[in-house]
Amino acid sequence: MTELAERLGYDADARLLIVNCDDLGSSHAANVGCYDCLRDGLATSATLMVPCPWAREAAARYQGEDVGVHLTLNAEWDLYRWGPVTVSPSLLDGDGGFPRTTADLWDHADLDEVRRECRAQIERAIVWGFDVSHLSSHVSAMMLRPEFFDI
C-alpha cells in the first residue's frame, strides 16, 4: 500500500505538516491574514466560512489557493452574528443567528436541515469559484456527534 506521503510526492517516511488557516470569510482581517499566509508559504490551506459576512470578499480575493469549506452551523460571538444560507428554522437561535453553542445546535437541529445547509454551503463556494479541496467543521460541531458526522 502506498503511503500518503508518497502519493504527495515525498518519501514514504517523510513527516508532513499541514498548516490550515481557519475561518476564512469571517472578517476582512481574517481574509487578509489567511491569504497572506497562504501566498507567503506560511500555511498550506484555508477553510472558508460561507455564511459569514466577509465570505464574498474572500471569494473575490481567491487566486486558486488550497481552500476548503469550513461547514458552519454555529455563531459563537455575542455581538457578531451570522446564520444559515438556507431556510432552516431549527438552525436559528432566539436572535436569528446560528446557535452559539454546539449543545444548543445538537439539541434543536433537524438533521435534514443540517444536510441541506451543508450542501448549500459547499455549492455556494463552488459557484463563487472555489476549487473546494476539503471539508472541516466550525467548532467541531459536525465531528463530535455521530449523527452529525454521518452527514
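Cut-offs applied
- Residues numbered from 1 in each chain as written.
- Predicted model: local features only at pLDDT ≥ 70, side-chain atom pairs only at ≥ 80, totals over all residues.
- Heavy atoms only, no water.
- Salt bridge = Lys/Arg side-chain N within 4 Å of Asp/Glu carboxyl O.
- Helix = DSSP H or I, 4+ residues; strand = E, 2+ residues; numbered from the N terminus.
- Buried < 20%, exposed > 50% of the residue type's maximum accessible area, 1.4 Å probe, protein only.
- Expected span 1.5 Å × (residues − 1).
- Arc of directions from axis to C-beta.

### A closer look at the pattern of salt bridges
Step number 1: Summed over the entire model, instances satisfying the criterion amount to nine salt bridges.
Step number 2: For the salt bridge of arginine 39 with glutamate 65, the shortest nitrogen-to-oxygen distance reads 2.5 Å. One end of the pair, arginine 39, is in helix α2 (residues 28-39); the other, glutamate 65, is in the loop between α3 (55-61) and β3 (67-71), with 26 residues separating them in the sequence.
Step number 3: For glutamate 65, a relative accessible area of 11% corresponds to the buried category.
Step number 4: The residue arginine 145 makes a salt bridge to glutamate 147 at a minimum N-O spacing of 3.0 Å.
Step number 5: Judged by its relative accessible area of 27%, arginine 145 falls in the partly exposed class.
Step number 6: Judged by relative accessible area, glutamate 147 falls into the partly exposed class, the value being 30%.
Step number 7: A single network of salt bridges, built from pairs that share partners, joins Asp78, Arg81, Asp93, Asp95 and Arg100.

### Comments concerning helix α5 (residues 111-127)
Step number 1: In a regular helix each residue adds 1.5 Å, so 17 residues correspond to 24 Å; α5 covers 24 Å between its end C-alpha atoms and thus fits that length.
Step number 2: Along α5, the positions that sit buried rather than exposed are Glu113, Val114, Glu117, Cys118, Ala120, Gln121 and Ala125. The buried residues of α5 occupy an angular sector of 160° when projected down its axis, which confines them to one face. With respect to the buried face of α5, the exposed residues turned more than 90 degrees away are Arg119 and Val127.

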